[in-house]
Amino acid sequence: MGRSPITFSVMLTLLKLLQSLFKTLHSEGTPGQVAAGIMLGAGIGLSPLLSGHNLLLFAMIVLLNVSFGGGMLGLALFTPVAFLLDPVFDRLGYVLLEAPALQALWTSLYNTPLVPYTSFNNTVTLGALVAWLALAVPIYFGARAAVSRYRAKYGERVNNSRLMKALKASKAYNVYSWFQAE
Amino acid sequence: MTAPRFKVFRWRAIGPLLLFLLLLVGLWMAFADTVARGMAEDNLSGMLGTQVDIGRLTILEGEAAVEVRQLAIADPRDPRRNLLEAGTILIDLDPVPLTEKKLVIDRLSLNGLQFLTQRATPARPADPNSPAGRLLAQTDAWAREKFQFPALALGRIDSARSLVLNPDQLGTVKAAVALAGRVDSTRQAFEESLNQLQLKALVDSSAELATQLAALDPKKLGLAGVQRTVSSVQQRLDRIKRAQSQLQGLEQSARTSLATLQQGLQEVDAARQRDYAFARSLLQLPSLDAPDVSAALFGEPSAGFFEAALGYARLIERYVPPGLEPWKRPGPRRTRLDGTTVEFPKVAEYPRFLLKQGDVDLTVGGPVPGSLKATANGITSQPALIGVPATVAITGALGKDRSVGVQLGAMVRRFGRAPKDSLAARLTGVSLPAIQFPKLPFGVDPGASTLSTSFTLAGDRIQGSWEILSDRVTWLADSTGLKNASVFEATIWRVLSGLTVLRVRAELGGTIEHPTLAIRSNLDDAIAGRLRALLGEEIAKAERKVRQAVDQLVDQQVTAVQARVSDLTTQVTDRLPVERGQLDAVHQRLETEVRRLTRGAAGGITLPKL
């Protein structure tokens, strides 16, 4: 019995997520670089995709010496979280956009070139961005501690596994290594 | 050994990043037009509450312009036709406001316009949950609730037909029962208020006091005795004055209540008239009042115009907010939660959308070619920033021989204390669609006519008119239906088929909650007169039967409630003067006695003022 295209696509995505997870955790980067990548990726994952600031975050992941895999891992991990938290972001954004003390700031930003393309005046986008800014530091330290602990306890064993060797041998790994932390 | 220096930037990633950006540009070039077309179709469809199709949309980045081809906007009330089709629309944008995500149109040109064209495939109905879909449904429900038109002729007049009425169907009974309850509660309240005054006890004790005073000799009492007596009487007089004042208040309140009850009797009478009309409809009796004739024939199309006008005015209200307060609208549709997008307009800045003043030549194609000249000013999403009303004026001529004259003016003033939207249009020589008369086997093709319409919405107040003038009408009959027509229908047909002129005028007024719609036409008196002459006796006979049937069921309750109102009125009008008279009399007696005592007392003593 053949699998449906949707099931195949879901499985492929999960496989890629697994690949990304392993590659990132075993990359050359320090736990801090991986954690910084996860933190920036979380910013993209939490915000609605077509927000102007996501382009900036993506450029930061690519250009800054952080783990690219970490960024993709952060994006993959936090996108489903964002769907769950959307009502919270909506409420938070609404409160901020309605706050009398911030009206002058929003009005000024709304009438500033390029800023409106960030869609900051959308409740979900602003709520997600502010929530990410508030959570960025905890995400960073949490991820750094988790990666350090993983490498110390399981890193060697997993690195020598057949699965990891197969992953490293693939062509995709070579492309991915362009963005590896130095 | 020293640790390698940590590098902040990953310079070797610039190449792939540039490649990525190049890929984005490539994707933009390949798909931007298609994506923008889809988004424009979705947004316009949601905004207008009807299917909007765009054949092709091209973003001309170098010229900061957008070219739209084959735009078709379906009629939300008739999915088989398009309200408007445009061959080419060229939109020249001002690039500076575009950096702030604001659309400011410098120049707009439209070509190949067509109106009211047939669609190849029926349009999709509006999403009932979209804002425009909800607005359309609301205005549709509003028109159905507020405008109900009598049927002119439904069948053979049968005065011998038995008429069976259920009392539960009659509003008179309900109104009479409700009024009887109000009469009882008014009577109870009146009696309780009167009892609380304790007038009888006051009058009796005061009369007794006056009798006691009459027996007193001031000389025997002496100065001090007179002073004490007068002082105690004074307290009684004050109490009587208070009672008189309370009685006056009660009288005023009772008169107001009686007036309300009298109004209730009028409402019962109005309910009885409605019940007569209801019973008449069961017997299928037509109304021969002249305004009812026009309402029956032209009520639907005129109400349809006002419904559409109100719907679009409400749509403008929704998308063009008054003032400069932050304005909320639903966020973009996406897989994630849409959220709410808030606009923050600012004085001296561009609004989110603006069509600058401009003259537009509209080339009309299709089966009715022609040319129109449009002048638009201040078309914007934030009129308070512009400070002038949005106006559109269109003039021109359509048709191969330019026989159809078009004059249209619209104004939207959505700032200041009294926002107002208005529209006036006049089409001359236009071929209007045929009007089928409801429940009659014939209709009218107005032919080349003059159609004048106007509509104004100011706050809650609405005003409008819808007028058709035609000198060459053609009456359309369904031959089968005409063969089986009743005498009534045949008479109407004979009247109509002898006429060549049609003049209809509908006038809307009042408020959205309580609209008024008066429709008159040159057919009113002609039809009503002929029908009265022909069927008057038969109708009068049936009318008497209708009245008897209703009266038989409601007379008992109506008579009972009339008697109750009458009793209460008599009670109030008879009793209160008596009570007042008794109080006045005893007051007078006490004052007389006090004067006698004080006059009889020796010396110039100072007595309390009365």
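Residues numbered from 1 in each chain as written. Chains lettered and ligands numbered in written order. Predicted model: local features only at pLDDT ≥ 70, side-chain atom pairs only at ≥ 80, totals over all residues. Heavy atoms only, no water.

Looking at the overall build of chain A
Regarding its fold elements, chain A presents eight helices and zero strands. Sorting the 182 residues of chain A into buried and exposed places 44% on the buried side. Taking contacts inside chain A between residues at least 6 apart in sequence as the whole, the part at least 24 apart equals 76%. Accessible surface for chain A amounts to roughly 9,600 Å². Of this, 73% is attributable to carbon and sulfur atoms. (Helix = DSSP H or I, 4+ residues; strand = E, 2+ residues; numbered from the N terminus. Buried < 20%, exposed > 50% of the residue type's maximum accessible area, 1.4 Å probe, protein only. Contact = heavy atoms within 4.5 Å. Areas by Shrake-Rupley, 256 points an atom, 1.4 Å probe, with all protein chains shown as cover.)

Section: the side chain of B:Asp421
Residue and element names in this part refer to chain B. Of note, aspartate 421 is situated in strand β13 (residues 420–431). Accessibility expressed as a relative area gives 5% for aspartate 421, which makes it buried. Aspartate 421 has contacts with Ala313, Ile316, Glu317, Met411, Val412, Arg413, Arg414, Phe455, Thr456 and Leu457, leaving out every residue within four places of it along the chain.

Considering the nonpolar core
One broad trend across soluble globular proteins is that nonpolar side chains are buried collectively. Residue and element names in this part refer to chain B. Membership of the largest hydrophobic core comes to 72 residues, with the highest contact counts inside it found for Phe298, Phe437, Phe455, Trp466, Trp475, Leu502 and Ile527. Sort the elements by how many residues they give to this core and helix α7 (residues 290–319) lands first, with ten residues. Excluding anything up to four places from it in sequence, tryptophan 466 contacts Phe298, Pro301, Ser302, Phe305, Phe306, Leu451, Ser452, Thr453, Val504, Arg505 and Ala506. Judged by nonpolar contacts, the second largest core, of 48 residues, contains Leu213, Ala254, Leu261 and Val594. (Core = buried A, V, L, I, M, F, W, Y, C linked by side-chain atoms within 4.5 Å.)

Things to note about the environment of B:Gln552
Structurally, the position occupied by B:Gln552 is in helix α11 (residues 523–600). Judged by relative accessible area, which is 68%, B:Gln552 ranks as exposed.

Description of the confidence of the model for chain A
The share of residues in chain A with pLDDT of 70 or more is 75%, and the mean pLDDT across the chain is 82. Taken element by element, the predicted model of chain A shows its lowest mean pLDDT in helix α8 (residues 171–176) of chain A (51) and its highest in helix α2 (residues 31–46) of chain A (93). (pLDDT = per-residue confidence, 0-100.)

So, the sheet that holds strand β14 (residues 435–436) of chain B
Judged by pairing direction, the sheet is antiparallel, and its three strands sit side by side in the order β14-β15-β18 (chain B) without closing on themselves. Of all strands in the sheet, those with a lone pairing partner are β14 and β18 (474–477) of chain B, marking the two edges. (Pairing = 2+ DSSP bridges.)

Observations regarding the interface of chain B and chain A
Often the size quoted for an interface is simply the accessible area lost on bringing the parts together. Listed by partner, the interface residues are 37 residues for chain B and 47 residues for chain A. Interface of chain B and chain A: buried area, both sides summed, is about 3,400 Å²; carbon and sulfur atoms make up 57% of it. When residues of chain B are sorted by the area they lose upon contact with chain A, B:Arg10, B:Arg336 and B:Phe344 head the list and together hold 27% of the total. Run the count over chain B and chain A and you get two salt bridges. Close ionic contact of B:Lys328 with A:Glu98 constitutes a salt bridge, the shortest N to O distance being 3.3 Å. (Buried area = accessible area lost by both parts, 1.4 Å probe. Salt bridge = Lys/Arg side-chain N within 4 Å of Asp/Glu carboxyl O.)

A few points about the pairing of strand β6 (residues 340–343) of chain B
Residue and element names in this part refer to chain B. Of the two faces of β6, the one holding Thr340 and Val342 and the one holding Thr341 and Glu343 are both buried throughout. As paired strands, strand β5 (residues 327–330) and β6 are joined by four bridges and run antiparallel to one another. Bridging across to β6, tryptophan 327 finds its partner in glutamate 343.

Let's talk about the packing of aromatic side chains
Residues and elements named next belong to chain B. Throughout the structure, instances matching the rule amount to 13 aromatic pairs over all chains. Their ring planes at 85° and their centres at 5.3 Å tell us that tryptophan 142 and phenylalanine 147 sit as a pair that is edge-to-face. No difference in accessibility class separates tryptophan 142 from phenylalanine 147, as the two residues are buried. Between the aromatic rings of phenylalanine 437 and tryptophan 475, the centroid separation amounts to 6.4 Å while the plane-to-plane angle is 45°, which identifies the pairing as tilted. Here the residue phenylalanine 437 occupies a position in the loop between β14 and β15 (442–445), and tryptophan 475 occupies one in strand β18, the gap between them amounting to 38 residues. (Phe/Tyr/Trp six-rings, centres within 6.5 Å; stacked < 30°, edge-to-face > 60°.)

So, helix α3 (residues 131–146) of chain B
Over its 16 residues, α3(B) runs 22 Å from end to end, which matches the ideal 22 Å to within 8%, given 1.5 Å per residue. Along α3(B), the positions that sit buried rather than exposed are B:Ala132, B:Gly133, B:Leu135, B:Leu136, B:Thr139, B:Trp142 and B:Ala143. (Expected span 1.5 Å × (residues − 1).)

Brief notes about empty space enclosed by the protein
Residue and element names in this part refer to chain B. Following the criterion strictly, the structure yields one cavity of 30 Å³ or more and no others. Of the voids in this model, the largest cavity is the one considered here, and its volume is about 40 Å³. Elements supplying a minimum of two residues to the lining of the largest cavity: α3 and α7. In terms of residue class, the lining of the largest cavity is built from six nonpolar, one polar and no charged. (1 Å grid on protein atoms, 1.4 Å probe; cavity = no way out; pocket = protein on both sides within 12 Å on 5 of 7 lines; lining within 4 Å. Points joined across faces, edges and corners; volume = space filled by probe spheres on them. Nonpolar A, V, L, I, M, F, W, Y, C, P; charged D, E, K, R; others polar.)

Here's the deal with the pattern of salt bridges
Residues and elements named next belong to chain B. Applying the stated criterion across every chain yields a total of 27 salt bridges over all chains. With a closest N to O distance of 3.2 Å, arginine 255 and glutamate 251 form a salt bridge. Taken together, the residues span about one helical turn, with arginine 255 and glutamate 251 both in helix α6 (residues 218–282) at a distance of four residues. Take glutamate 251: its relative accessible area is 12%, and that puts it in the buried class. One salt bridge connects aspartate 524 with arginine 520, and the closest N-O pair in it is separated by 2.8 Å. A residue is classified by how much of its surface remains accessible, and aspartate 524, at 0% relative accessible area, is buried. Take arginine 520: its relative accessible area is 42%, and that puts it in the partly exposed class.

A few points about helix α1 (residues 14–48) of chain B
When the local axis directions of α1(B) are compared, the greatest deviation, roughly 55°, occurs at B:Phe31. Taken residue by residue, α1(B) has B:Pro16, B:Leu17, B:Ala32, B:Ala40, B:Glu41 and B:Ser45 as its buried positions. Contacts from the buried residues of α1(B) go to α3 (52–63) of chain A together with β1 (52–60) of chain B. Backbone geometry just downstream of α1(B) places B:Gly49 in the positive-phi region, at approximately 70°. (Bend = angle between axes of the 7 residues up to and from the residue.)

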